[in-house]
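# Structure assessment
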Amino acid sequence: MALQLWETLKESITVYTGLTPSTFFTVLALGLALYYIVSNLFGSSDDAHTHQRSRGFEEEVQPLPPPVQVGEITDEELKQYDGSDPKKPLLMAIKGQIYDISQSKMFYGPGGPYALFAGKDASRALAKMSFEEKDLNGDLTGLGVFELEALQDWEYKFMSKYVKVGTVKPANEGQSTTTTTESDAAKPSEDDGPSETAAKETEQTPTAAEDAEKKEE
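For the protein, the name recorded in an unreviewed UniProt entry is Cytochrome b5 heme-binding domain-containing protein, with Penstemon davidsonii as its organism.

Next comes the structure, spelled out in structure tokens:
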């Protein structure tokens, strides 16, 4: 049975290729050897390029450092974390609470669609879905119910996704302290002695010694 198949195969090779079976198998062997050599040469080069690309990608996508607590900072200090300095984390505040959004640089980093929110308390802008410079602050006065609900949704999202690293210092905190100090200074001290009115009354009231002298006279 095997001999019949071999004879049939040889006849088919001769009919379809015009070559003798020995010539056909020689050509086939040479073709396989050539394919093996070429695939090894170009395949190794492709593997090297692939390895270099994967290594470069790994270098670009390095793990982010753990969030660092910044404590209570002012609006001006918060602006330093807008992504312009790659050595500093990317921060953003909502309702006075500061979050580390470094993991979303593609959205909030330089060139991102929400880059103007970074380094600021963008509560008002998020509530109004505004990209105007005048709304990039934490002032919530005059906002409607729906705007406050939208802001609340943003806050829940940030609380669940990012790490809180600090708070924004109120702008009027220093002013209120100064005002209180000045008002306290204006009040008369209890240790300053009798008032001017009391002193005048003392001068106008005769003493007991003067009354005794008048009686003797």
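Examined bridge by bridge, strand β1 (residues 71-73) and strand β4 (residues 163-168) share three bridges and lie parallel to one another. Considered in β4, the bridge of glycine 71 is made with glycine 166. As judged from the four bridges shared by strand β3 (residues 97-100) and β4, these two strands associate in the antiparallel manner. Within the sheet, the bridge partner assigned to tyrosine 99 lies in β4 and is lysine 164.

Our focus in this paragraph is the nonpolar core. Formed by 18 residues in total, the largest nonpolar core has its most connected members in Met92, Ile94, Ile101, Tyr108, Phe117, Leu126 and Phe158. Mapped by element, the contributors of at least two residues to this core are β2 (91-94), α5 (123-128) and α6 (145-161). Apart from the residues within four sequence positions on either side, phenylalanine 117 is in contact with Met92, Tyr108, Ala122, Ala125, Leu126, Ser130, Phe131 and Leu136.

Should the charged atoms of two oppositely charged side chains come close, the side chains can pair. Inspection of the entire model under this criterion finds five salt bridges. The closest approach of N and O atoms between lysine 128 and aspartate 135, which form a salt bridge, is 3.7 Å. Classification of aspartate 135 by relative accessible area gives buried; the value is 4%. For glutamate 132, the salt bridge is made with lysine 134, and the minimal N-O distance between the two is 3.5 Å. Given the relative accessible area of 61%, lysine 134 is considered exposed.

Now for the sheet that holds β1. An order of β1-β4-β3-β2 is seen for the four strands of this open sheet, with the pairing classed as mixed. Each edge of the open sheet carries a strand with a single partner, namely β1 and β2. Taken over all neighbouring pairs, the strand axes of this sheet differ in orientation by 40 degrees on average, direction set aside. Sitting on the sheet, α6 is in contact with β2 and β3, with an inclination near 135 degrees to β2.

The full count for this structure, using the stated rule, is eight aromatic pairs. Geometrically, the ring pair formed by tyrosine 114 and phenylalanine 117 is stacked, given 6.0 Å between the ring centres and 15 degrees between the ring planes. The class of tyrosine 114 is partly exposed, set by a relative accessible area of 26%. A residue is classified by how much of its surface remains accessible, and phenylalanine 117, at 3% relative accessible area, is buried. Positioned over the ring face of tyrosine 81 is lysine 88, at 5.6 Å from the centre of the ring.

Another point: the pairing of β3. Sheet topology note: the β2/β3 ladder contains four bridges and is antiparallel. From the neighbouring strand, methionine 92 faces β3, where its bridge partner is tyrosine 99. Two successive antiparallel strands, β2 and β3, enclose a turn made up of two residues, where lysine 95 displays a positive phi of approximately 55 degrees.

Here we take up the side chain of aspartate 100. Considering the arrangement of structural elements, one finds aspartate 100 in strand β3. There is no salt bridge for the buried aspartate 100, and the closest opposite charge comes from lysine 105, which lies 8.4 Å off by N-O distance. A distance of 2.6 Å separates the side chain of aspartate 100 from the side chain of serine 102, its partner in a polar contact. Not counting residues up to four positions away in its chain, the partners in contact with aspartate 100 are Pro67, Val68, Pro89, Leu90, Leu91, Tyr162, Val163 and Val165.

Moving on, we get to the confidence of the model for the protein. Interpretation of this model should avoid reading the predicted coordinates in detail wherever pLDDT is low. Model confidence for the protein is summarised by a mean pLDDT of 76, while 60% of its residues fall at 70 or above. Overall, residues 174-183 carries pLDDT values under 50, and its contacts beyond four positions in sequence, including any with other chains, amount to zero contacts. Long-range and interchain partners of residues 212-217, a stretch whose pLDDT sits below 50, account for zero contacts in this model, where long-range means more than four residues apart.

Conventions used here
Position numbers for residues count from 1 along each chain, tracking the sequence in the order it is written. Restriction of local features to residues with pLDDT of at least 70 applies here, the model being predicted, together with a cutoff of 80 or more for giving and counting side-chain atom pairs; totals for whole chains, interfaces and linings are based on all residues. Hydrogens are left out, water is left out, and the side-chain values use all remaining heavy atoms of the structure. By definition, two strands form a pair when at least two bridges between them are found by DSSP. Note on conventions: DSSP H or I runs of at least 4 residues are helices, E runs of at least 2 residues are strands, and numbering of each starts at the N terminus. Only buried Ala, Val, Leu, Ile, Met, Phe, Trp, Tyr and Cys residues count toward a nonpolar core, and they belong to the same one when joined by side-chain atoms within 4.5 Å. Here's how the labels work: a residue is buried when its accessible area is under 20% of the maximum for its type, exposed when over 50%, partly exposed in between, all with a 1.4 Å probe on protein chains only. Contacts: residue pairs with any heavy atoms within 4.5 Å of one another. Each reported salt bridge corresponds to a side-chain nitrogen of Lys or Arg within 4 Å of a carboxyl oxygen of Asp or Glu. Where helices are involved, their axes are fitted lines through C-alpha atoms of the stretch in contact, as for all axes, and angles between N-to-C directions lie from 0 to 180°. In summary, the pairing rule links any two rings of Phe, Tyr or Trp, Trp by its six-membered ring, whose centres are within 6.5 Å, and it sorts them by plane angle into stacked for under 30 degrees, edge-to-face for over 60 and tilted for everything else. Any Lys NZ or Arg CZ that is within 6 Å of a ring centre and within 35 degrees of that ring's normal is treated as a charge sitting over the ring. A positive count includes Lys and Arg, and a negative count includes Asp and Glu. His and the chain ends are not counted in either. Nitrogen and oxygen atoms within 3.5 Å of one another constitute a polar contact, given that in protein one can donate a hydrogen and the other can accept it, and given that sequence-neighbouring residues count only through two side-chain atoms. Values of pLDDT, which run from 0 to 100, indicate the predictor's confidence residue by residue.

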